[in-house]
Amino acid sequence: MNHEAQYTEKEWDEILQEIPKEEDPFMQKYIKGREALIEQENKERSDASFKKSLSPIAQRAHDIVARIRDEEKNTVWTAQLEDSLAQEADSITVHPGMMFSLSKERMENTKLWRIVRRMPKGALLHAHVDAMVDFDFLFDVLLSTPGIHLSADMSLVDDKTREASKMTFRFYKESCTEGNIWSDDYKPETPILLTQVADAFPDGGRPGFLKWLYGRCTISRTDAVSQHHGVDHIWMKFYKCFRVVGSMIHYEPIFRQFLQRLMSSLKADGINWSELRFSWPLDYFREGSETPETDYSAMMTVIDEEVARFQASEEGKGFWGLRIIWAALRWFPTREIVQNMEYCINTKITHPHLIAGYDLVGQEDGGRPLRDLLPELFWFRKQCAEEGLNIPFFFHAGECLGSGNSTDHNLFDAVLLGTRRIGHGFSLYKHPLLIDLVKERKILIESCPISNEVLRLCGSVMSHPLPALLARGVPCSLCNDDPAMLGQDTAGSTHDFWQALQGWENLGLAGLGSLAENSVRWAAFEDQTPEEWAKDIREASMGSGIKARRLKEWEVQWEKFCLWVVDEFGEG
């Protein structure tokens, strides 16, 4: 055979005869073996049983969504159709699963978005209360609430001081209008009426102030895509957001409106239950008061009242409610951790139905690892036992890039300490033994793909480890973590669900359904012993308690949703 020159037609015809055909017996045997191997692996997936038990309508909906997904992959997410995005950044290539901050506007105008937005998502198990409600709404509430003042720890004369300052929003009975926070002669910590501060903003008055304040409360697109700055850099920006937001909703009239907006946004997104991480200092003020409360009882009572009010409204029909996962900042010294634990215990005594569990939050790499906090955690467990209280752990763990360092090893302590769920679990895929233990002990992973991307643990959803965990049979749910700060601009989870569906081919609508069902199955609707908790998870909708009832309700919603997909998007 001539390997140097191009083939002649005769040579090529001879070679064609030698190349095996797909219908050849040995080729068919290989293909069948290949398909059997893929099928064998798919049986190990955590969503395998859910997919296998799909109703005929749900299967049709799954197939329709797969068709739409492929259709949009070839029509919406192509570089050939790119226009405005390319003008914004020449280096951007449009593709399914691209960086969230660059794809948000486009994704919200797709058929797939309409479908995922309508999907019943069950429960939101991992979200931080301060970072839930859209800031445009919150700013309107702040500016329209009588007596709200703003103070800062320095004069805000330039971009540098405005970025570094710690600001406090607070109610005062007497309006304080003297001084200018934007000038050199401002006396630090002097409160000035917020409306006056906003109107006096030197770069555009109130509209300019609102734009600037929004930038102080959120991770911008530039922040989100600057991956080269690294994890610590983005967390510094993230902390600054919490410093600004920290006092915004700690006044009763604002807190009530915040809660109504939160529940309304959740319900509109197909979420009927939420467990919110709560890590506030004692700086809550009742309406008309300039003195902070000495405990958390008044705040918890407001939560009870607003949940009941929302559930009684037309909009809130079918909303199951919410609970609090108490959370201390993990860099606190022992004295402050123990004091925080005391507050948690006292609040559990006054409002037992609201407190679902305990956690430690904040950047894991920058805080104390669980190994260092063992004395405090065992003390807390002992105090709970003496008070006859059931406050289980729901630990953040593995929200890091490390492999084998003290932060990564938080996963070992979380499992050994009996956590019922793991927040993020980003680095879990590196630990085969822990994966087996998590499956054996039925610990759910609260996965937050967009948060992990924006906080620079991965470049985009395409490189997120959740598919690896699903393939290994680890139970997971999708959560939004800090949606108002991270760019979603809503309390809902549709962005995370959409990213997963569009980014991971082997998930599909049925895979999303499985993740939503998991969120209900692992929700802490009530206090339970470890044995009761495990039994309810195992029995699912076949049980007889609150969880079984909620799962049955979700299953009805799921079937109705699948029927809508078939009616709305089915062919023929």
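Residues numbered from 1 in each chain as written. Predicted model: local features only at pLDDT ≥ 70, side-chain atom pairs only at ≥ 80, totals over all residues. Heavy atoms only, no water.

1. Points about the pattern of salt bridges
Logical step 1: Under the defined criterion, the tally for this structure stands at 35 salt bridges.
Logical step 2: The salt bridge involving lysine 121 is made with aspartate 269; its shortest N-O contact spans 3.7 Å. Pair noted here: lysine 121 is in the loop between helix 7 (111–118) and strand 1 (122–128) and aspartate 269 is in the loop between helix 14 (252–268) and strand 5 (271–278), with a separation of 148 residues, a long-range link.
Logical step 3: Residue lysine 121 is classed as buried on the basis of its relative accessible area, which comes to 1%.
Logical step 4: For aspartate 159, the salt bridge goes to arginine 162, with nearest N and O atoms at 4.0 Å. Taken together, the residues span about one helical turn, with aspartate 159 and arginine 162 both in helix 9 (residues 159–164) at a distance of three residues.
Logical step 5: In the salt-bridge network here, residues are joined through shared partners; they are Glu252, Arg256, Glu305, Glu306 and Arg309. (Salt bridge = Lys/Arg side-chain N within 4 Å of Asp/Glu carboxyl O. Helix = DSSP H or I, 4+ residues; strand = E, 2+ residues; numbered from the N terminus. Buried < 20%, exposed > 50% of the residue type's maximum accessible area, 1.4 Å probe, protein only.)

2. A word on the pairing of strand 2 (residues 148–152)
Logical step 1: Where burial is concerned, most of strand 2 is hidden: five out of the five residues are buried.
Logical step 2: Burial along strand 2 is two-sided: Ile148, Leu150 and Ala152 and His149 and Ser151, pointing in opposite directions, are all buried.

3. Comments concerning the packing of helix 7 against helix 26 (residues 546–569)
Each packed pair of helices is defined by two parameters, the angle between the axes and the distance between the axes.
Logical step 1: As a packed pair, helix 7 and helix 26 sit with axes 10 Å apart at the nearest point and diverge in direction by 155°. Viewed along their axes, helix 7 and helix 26 adopt a mutual orientation that is roughly antiparallel. In this structure, helix 7 crosses over helix 26, and the sense of that crossing is right-handed. Two secondary-structure elements touch here, helix 7 through Lys111, Arg114, Ile115 and Arg118 and helix 26 through Phe561, Trp564, Val565, Glu568 and Phe569.
Logical step 2: Classifying every residue of the contact of helix 7 with helix 26 by side-chain character gives five nonpolar, no polar and four charged. (Axes fitted to C-alpha atoms, helices over the stretch in contact; angles between N-to-C directions. Parallel < 35°, antiparallel > 145°, perpendicular 65-115°, else oblique. Left-handed = near helix turned anticlockwise from the far one by under 90°. Contact = heavy atoms within 4.5 Å. Nonpolar A, V, L, I, M, F, W, Y, C, P; charged D, E, K, R; others polar.)

4. Describing the environment of alanine 48
Logical step 1: By the element assignment, alanine 48 lies in helix 3 (residues 48–52).
Logical step 2: Overall, alanine 48 belongs to the partly exposed group, its relative accessible area being 21%.
Logical step 3: It is 64 Å that separates the C-alpha atoms of alanine 48 and aspartate 184, two residues lying 136 residues apart in sequence.
Logical step 4: Residue contacts for alanine 48: discarding those within four places in its chain leaves Asn42 and Lys43.

5. Observations concerning helix 7
Given 3.6 residues per turn, any residue in an α-helix points the same way as the ones three and four places further on.
Logical step 1: Residues of helix 7 that are buried include every one of Leu112, Trp113, Ile115 and Val116, and no others. The buried residues of helix 7 occupy one face: seen down the axis, they fall within an arc of 165°. (Arc of directions from axis to C-beta.)

6. Thoughts on the state of the cysteines
Logical step 1: Applying the stated criterion across every chain yields a total of zero disulfides.
Logical step 2: Cysteine 217 carries a free sulfur, and the closest cysteine sulfur to it, the one in cysteine 241, is 6.7 Å from it.
Logical step 3: Between cysteine 458, a cysteine without a disulfide, and cysteine 448, which holds the nearest cysteine sulfur, the sulfur-to-sulfur distance is 11 Å. (Disulfide = S-S within 2.5 Å.)

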